[in-house]
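Inside the fold
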Amino acid sequence: MTSTALRRIQKELRDINNQPLENVTIEVKDDNMFEWDCAIIADSDSPYKGGTFKFALSLPPNFPFKAPSVTFKTKIYHPGINEEGAICVPVLRDEWKPSVTLATVLSIIQEKLNNPSPDDPFEPEIAALVKNDKSKFLATAKEWTKKHAM
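The chain appears in an unreviewed UniProt entry as E2 ubiquitin-conjugating enzyme from Rhodocollybia butyracea.

Structure follows, in structure tokens:
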């Protein structure tokens, strides 16, 4: 099973290197193809502009039959990313399918980071601020970005 996973991971990494995602970096951790150190540079129109947000992407031995796990290493004030660094995206939970590529996963994470939504939140209090006091949310997001991601 693991050799199948390894072949798939190697192919996907080649594809990503051949067609890099803008503002996303990936490094294989200590030559272990199942552990990636990734970073997203926030878009200029994002509440997190100017910040670089690091996260670990861990691939299970039975990939692609099981979704990767993602843990943010950089603290971020975001309704969909909790204090432990877990991100709330359906594709990493109940919507996972073996046909989903890692480039797609990275794009979804990038989209989620740049566009915080109060829907399906991990942090209900932050989500409430996004809905009810956007300016306070934006000020706090900017402050946290300066403190943790620059």
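Here we look at the nonpolar core
The biggest cluster of nonpolar side chains holds 41 residues, and the ones touching the most others in it are Trp36, Leu57 and Phe72. Sorting the residues of this core by element identifies α1 (2-18), β2 (32-41), β3 (52-58), β4 (69-72), α2 (102-114), α3 (124-132) and α4 (134-148) as the ones contributing at least two each. Setting aside chain neighbours within four positions, we find Leu57 in contact with Phe34, Glu35, Trp36, Cys38, Pro68, Ser69, Val70, Leu102, Val105 and Leu106.

Quick word on the side chain of Asn114
Among the secondary structure elements, Asn114 is positioned in helix α2. Engagement of the side chain of Asn114 in a polar contact is seen with the backbone nitrogen of Asp43, the distance being 2.8 Å. Beyond its immediate stretch of four places on either side in the chain, Asn114 contacts Ala42, Asp43, Ser46 and Pro47.

A look at the packing of aromatic side chains
Tallied over the entire structure, the rule returns five aromatic pairs. Ring plane angle 80 degrees and centroid distance 5.8 Å describe the contact between Tyr48 and Phe53, whose orientation is recorded as edge-to-face. With relative accessibility at 0%, the residue Tyr48 sits in the buried group. Taking relative accessible area as the criterion, Phe53 reaches 0% and is therefore assigned buried. Among the aromatic residues, those joined into a cluster by ring pairs are Tyr77, Phe137 and Trp144.

A closer look at the pattern of salt bridges
Across all of its chains, the model carries two salt bridges by this definition. In this structure, Glu12 engages Arg8 in a salt bridge whose closest nitrogen and oxygen atoms are separated by 2.4 Å. Linking Glu12 with Arg8, this pair stays in helix α1, spanning four residues, or about one helical turn. Of the residues examined, Arg8 reaches a relative accessible area of 21% and is grouped as partly exposed. Measuring nitrogen to oxygen at the nearest pair gives 2.7 Å for the salt bridge that ties Asp15 to Lys11. Residue Asp15 and its partner Lys11 are both found in helix α1; the two are separated by four residues, about one turn of the helix. Relative accessible area serves as the criterion here: at 41%, Lys11 is assigned to the partly exposed category.

Some thoughts on the state of the cysteines
Note: disulfide means a covalent bond formed between the sulfur atoms of two cysteine side chains. Summed over the entire model, instances satisfying the criterion amount to zero disulfides. This cysteine, Cys38, is not joined by any disulfide, and Cys88 carries the nearest cysteine sulfur, 19 Å off. Relative accessible area serves as the criterion here: at 3%, Cys38 is assigned to the buried category. Using a relative accessible area of 2% as the deciding quantity, one classes Cys88 as buried.

How each quantity is defined
Throughout this description, residue numbers start from 1 for each chain and increase along the sequence as written. The predicted nature of this model means local features are confined to residues of pLDDT at least 70 and side-chain atom pairs, given and counted, to a pLDDT of 80 or more, with totals for whole chains, interfaces and linings taken over all residues. Hydrogens are left out, water is left out, and the side-chain values use all remaining heavy atoms of the structure. Definition of nonpolar core: a set of buried residues of the types Ala, Val, Leu, Ile, Met, Phe, Trp, Tyr and Cys, connected through side-chain atoms within 4.5 Å. Here's how the labels work: a residue is buried when its accessible area is under 20% of the maximum for its type, exposed when over 50%, partly exposed in between, all with a 1.4 Å probe on protein chains only. Each helix is a run of DSSP H or I of at least 4 residues and each strand a run of E of at least 2, with the numbering of both proceeding from the N terminus. Contact definition: two residues touch when any of their heavy atoms are within 4.5 Å. For the purposes of these results, a polar contact is taken to be a pair of N or O atoms within 3.5 Å, where, inside protein, one atom must be able to donate a hydrogen and its partner to accept one; residues adjacent in sequence count only when each atom of the pair is a side-chain atom. When two rings of Phe, Tyr or Trp (its six-membered ring) have centres within 6.5 Å they constitute a pair, described as stacked for plane angles under 30 degrees, edge-to-face for angles over 60, and tilted for the intermediate range. In what follows, salt bridge is the name for a side-chain nitrogen of Lys or Arg lying within 4 Å of a carboxyl oxygen of Asp or Glu. Disulfides are defined in this document as cysteine sulfur pairs within 2.5 Å.

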